[in-house]
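If you want the building blocks of each chain, they are given just below.
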Amino acid sequence: MSERRPYRRPVNPKWWWAPGAYRAYTLRELTGVGIALYGVVLFAGLISLSRGPDHWEGFVQFLRSPASIVLHVILLVVVAYHVKTWFEILPKTQPKIIVNGKQVPAQTITSYATLVAVACSAALVLFTFLVAR
Amino acid sequence: MSNAVSTKHAAAEKRSISPLFWLPFGAGGMLAALFGPGLILVTGILGPSSSGFMERFASYDHVLAFARNPIGKLIVLAVIALFFWHGAERIFLTLKDMKAGPVPNLKFATYGVAALVTLVTFVVLLGIGF
Amino acid sequence: MSEAAALMKTVELRVLRYSPVTDEKPSFGSFQVPWTDDMSVLQALQTIKDTLDGTLSFRWSCRMAVCGSCGMMINGKPQLACNTFIRNLPKGPITVEPLNHFPIERDLVVSVDDFVKKIESVYPYIIPKKPKSVADGPYLQTPAQMVAYESFSDCINCMLCYAACPQFGENPEFIGPGAMAMLQRYNGDSRDGAQKLRLDLIHGEDGVWSCTAVGVCSDVCPKHVDPANAVNQNKTNSALDFFLRFLPGAAR
């Protein structure tokens, strides 16, 4: 008992890339980069708009370029992964939802919420193209 | 026993300011989850690809009118600012996990940029006029 | 070894050993352990202690996953040794180490003092909304009211969640998933009235705000307590409190 000498092993500094749940967590968090990048595109658009019609035309030309299309496809994939993982975490942030004396499973909440999200984005696309007509 | 109780409940730890960053992170994440794919599709893929869409819907006059509208301004500010604050929180925490640098530097590089962009967006939107 | 044992299949256990008296730091020892299809890793350790090396030290008690004593890292994952069966592990050596993120006292025994202090700090008992005597009769609670906190009451204090949590690994002052599950077990109980008292403990960086929702705590929990839910729903509570505390008579 008097001979105690507790030993603390060092923590793996690359734990965030350890295969499995830790790497998946880091990849999930990195979708934030994609969201911020899209924010940069929108911000650039706003600045272009504020500088007048010529600068705005330049921004539109950029959006039409193959590089921009490719960028946006990548951003779309990243944001889609964000949608999937966001609603997987969502149930954890709420108190348990109880219906008829039973807890609603987290997967049910995730599925419903994801459906709502898909509907929202679809509605936005449809609305924009309808109004544009 | 009373001594043991008092040491168990030492003065509550100083409050963290994390909620200031967590709420915009959450709002931005929800906004991105609900409308992100739609926005990217319209502004970045379908819009620029379809003939005539950019000329009609995204003409300078049309977009300027949107940005001059008070509701339009709110939408633009909300989307840009919240997307940046969401990204800032996630990038900050990930860089902290990776021990990429001293925490104050990381906060400056992430939250600092988000704050700057929010401010500039606000000012530019006002400058565009009504 | 008896003739019968010599004919049995054996598995190699690589066990991290550490004696504070003789060792400067921990190192692996290797044991060839005869095993049968019904054996758990705990039984393999007991075989080592009984027949190969009596100095091997490890905690265990119920051997049926209700006491929480035998938590350890098995092939790099925090698991209960009594609940982990050799037949289910990949072929090859089995690596057994003490729980991550805790100081090692000896061999597979880690120090639990800090964890016990955290459990004790969350007022882990019903504090009624108003004083109630036995003559007033029992508390009434519907099944729905019980479901609200039931999973958190299943915690066996095995500390696997702390071994899994990387933020606890980085910050040992973090109150952690297990203590938060205990906190929410009481805050979520309809009989209890001390929500604010407990919430006031967790508004700091070492409270809920060390958590980044990695979620592995709930993944490794052997009793499906879902401590990640306990921590993250209190982020919402803490964030709301941050802004609403200035309102007069703010109710929680």
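The coordinates are above.
Residues numbered from 1 in each chain as written. Chains lettered and ligands numbered in written order. Predicted model: local features only at pLDDT ≥ 70, side-chain atom pairs only at ≥ 80, totals over all residues. Heavy atoms only, no water.

A. Region of the structure containing the overall build of chain B. In terms of regular secondary structure, chain B is built from six helices and zero strands. For chain B, the N- to C-terminal ordering of α and β elements is α-α-α-α-α-α. For chain B, the proportion of its 130 residues judged to be buried stands at 44%. Within chain B, residue pairs in contact and separated by at least 24 positions form 64% of the contacts whose partners lie at least 6 positions apart. For chain B, the exposed area adds up to about 6,400 Å²; of that, 74% sits on carbon and sulfur atoms. (Helix = DSSP H or I, 4+ residues; strand = E, 2+ residues; numbered from the N terminus. Buried < 20%, exposed > 50% of the residue type's maximum accessible area, 1.4 Å probe, protein only. Contact = heavy atoms within 4.5 Å. Areas by Shrake-Rupley, 256 points an atom, 1.4 Å probe, with all protein chains shown as cover.)

B. Examining the sheet that holds strand β2 (residues 27–34) of chain C more closely. All names here are of chain C. The strand order β2-β1-β5-β3-β4 describes an open sheet built from five strands, whose pairing is mixed. In this open sheet, the two strands that pair with only one neighbour each are β2 and β4 (77–80). Direction aside, the axes of adjacent strands within the sheet are offset by 35° on average. The pairing of strand β1 (residues 10–17) with β2 spans eight bridges and is classified as antiparallel. Bridge pairing links valine 15 to glycine 29 in β2. Helix α2 (residues 41–52) contacts β1, β2, β3 (71–74) and β5 (94–97) of the sheet and is inclined by roughly 95° relative to β2. (Pairing = 2+ DSSP bridges. Axes fitted to C-alpha atoms, helices over the stretch in contact; angles between N-to-C directions.)

C. Focus on the nonpolar core. If you look at the biggest cluster of nonpolar residues, it comprises 75 residues, and the most contacted ones within it are Phe87 of chain A together with Leu13, Val15 and Leu45 of chain C. Among the elements that make up this core, the one with the highest residue count is helix α7 (residues 176–187) of chain C (six residues). Taken together, domain 1 (3–110) and domain 2 (113–244) of chain C each give at least three residues to this core, which thus spans both. Not counting residues up to four positions away in its chain, the partners in contact with valine 15 of chain C are Ser27, Phe28, Gly29, Phe31, Leu45, Ile48, Leu56, Val96 and Leu108 of chain C. In this structure, Leu49 and Phe59 of chain A together with Leu64 and Ala81 of chain B belong to the second largest nonpolar core, which totals 34 residues. (Core = buried A, V, L, I, M, F, W, Y, C linked by side-chain atoms within 4.5 Å. Domains from an automatic or database assignment.)

D. Quick peek at the side chain of serine 218 of chain C. Residue position: serine 218 of chain C is located in helix α9 (residues 216–220). For serine 218 of chain C, a relative accessible area of 16% gives the class buried. Aside from chain neighbours lying at most four places away, what touches serine 218 of chain C is Lys92 of chain A together with Asp226, Pro227, Ala228 and Asn229 of chain C.

E. Quick look at the packing of aromatic side chains. Here the structure, examined in full by the defined rule, presents 21 aromatic pairs over all chains. Centroid distance tyrosine 38 of chain A to phenylalanine 83 of chain B: 6.2 Å. Interplanar angle 45°. Geometry classified as tilted. You can see tyrosine 38 of chain A sitting in helix α1 (residues 21–50) and its partner phenylalanine 83 of chain B sitting in helix α5 (residues 70–97), one on each of two chains. Residue classification places phenylalanine 83 of chain B among the buried residues on the basis of a relative accessible area of 2%. Through pairs of rings, three or more aromatic residues link up here, namely Phe21, Trp85, Phe92 and Tyr111 of chain B. Looking at lysine 132 of chain C, its charged tip hangs above the ring of tyrosine 139 of chain C, at a distance of 4.9 Å from the centre. (Phe/Tyr/Trp six-rings, centres within 6.5 Å; stacked < 30°, edge-to-face > 60°. Lys NZ or Arg CZ within 6 Å of the ring centre and 35° of its normal.)

F. Structural view of the interface of chain A and chain C. Residue-level contacts link 24 residues of chain A with 41 residues of chain C. Summed over the three residues of chain A that lose the most area to chain C, namely Tyr7, Arg9 and Lys96 of chain A, the buried surface amounts to 25% of that side. Taken together, the links from chain A to chain C amount to three salt bridges. A salt bridge links glutamate 105 of chain C to arginine 4 of chain A; the shortest N-O distance between them is 2.4 Å. For the side of chain A that touches chain C, the secondary-structure elements that each account for two or more residues are α1 and β2 (102–103) of chain A. The biggest single contributor to the side of chain A that touches chain C is α1 of chain A, with four residues. Taken together, the residues that form the side of chain A that touches chain C break down as eleven nonpolar, four polar and nine charged. (Buried area = accessible area lost by both parts, 1.4 Å probe. Salt bridge = Lys/Arg side-chain N within 4 Å of Asp/Glu carboxyl O. Nonpolar A, V, L, I, M, F, W, Y, C, P; charged D, E, K, R; others polar.)

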